[in-house]
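Inside the fold
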Amino acid sequence: HDILLDGHNRFKICQELGKMVRTTELNFEDRDHAMLWIINNQLGRRNLNDKQFSVMIATEYNLTKKIEGGDKKSEDYKKSLDENHQVIGSTRERIATKHNVTPWKVQTSVELAEALDAIKEVAPEMAEKLITEEIDVSKKNITLVGLALNSEDAPEDLKEELISDLKEGNFQEAVE
């Protein structure tokens, strides 16, 4: 419904220069399918760092699970079946094969994305710096901090200290 899915920067520059913009209309079954198209388009680019690539894979994984897991009569679900109507590999395995990574990479990407979401809820600026790699932190440490934030068993004072460290931009303090 007249939503620009890609080329936002190019579109803005053309508008500023008064140039005509040619677009291609695409039709999708629903918003999730449009999002999946965006993710796959972004994954085809070479300008993603490792953390951005991981988050994109995790998003693709979650959208694919949602699309295939919801309506068993959908075309997407039918495409995931073999001639005996059995699911062809797990979602994780199919996405791993598609992007030439291991299923373990897909799993750790999902864990990283969940951790970044948890960090983003309490310290959006920190999450942005982590994903753009403005701050050089291992995926393992990001995941550990995210797990602590999401843990129902973690003491509240620990969570408050983590949140404070993240808001102050002290990721290393949060890890320790």
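Before any of the text, the structure's been laid out above.
The present account deals with the structure reproduced in this document. (Residues numbered from 1 in each chain as written. Predicted model: local features only at pLDDT ≥ 70, side-chain atom pairs only at ≥ 80, totals over all residues. Heavy atoms only, no water.)

**With respect to the packing of helix H8 (residues 139-150) against helix H9 (residues 156-167)**
In contact at an axis separation of 9 Å, H8 and H9 are set at 135 degrees when each is read in the N-to-C sense. Classified by the angle their axes make, H8 and H9 are oblique. The handedness of the crossing between H8 and H9 comes out as left-handed. Mapping the contact onto sequence places Val 145, Ala 148 and Leu 149 in H8 and Lys 159, Leu 162, Ile 163 and Leu 166 in H9. (Axes fitted to C-alpha atoms, helices over the stretch in contact; angles between N-to-C directions. Helix = DSSP H or I, 4+ residues; strand = E, 2+ residues; numbered from the N terminus. Parallel < 35°, antiparallel > 145°, perpendicular 65-115°, else oblique. Left-handed = near helix turned anticlockwise from the far one by under 90°. Contact = heavy atoms within 4.5 Å.)

**Digging into unusual backbone geometry**
One non-glycine residue with positive phi stands out, namely Asn 100, at about 55 degrees. Here Asn 100 shows up in the loop between helix H5 (91-98) and helix H6 (103-122). Judged by relative accessible area, Asn 100 falls into the exposed class, the value being 73%. (Buried < 20%, exposed > 50% of the residue type's maximum accessible area, 1.4 Å probe, protein only.)

**Examining the nonpolar core**
By size, the foremost hydrophobic cluster in this structure holds 20 residues, and its most contacted members are Ile 119, Leu 130, Ile 142, Val 145, Leu 166 and Phe 171. Mapped onto this core, the elements with two or more residues apiece are H6, helix H7 (124-131), H8, H9 and helix H10 (171-175). With five residues, H6 is the largest single contributor of residues to this core. Ignoring sequence-local partners within four residues, the contact set of Val 145 consists of Ile 119, Leu 162, Leu 166, Phe 171, Ala 174 and Val 175. Core analysis: the second largest hydrophobic core is formed by 15 residues, Ala 58, Ala 96, Val 110 and Ala 113 among them. (Core = buried A, V, L, I, M, F, W, Y, C linked by side-chain atoms within 4.5 Å.)

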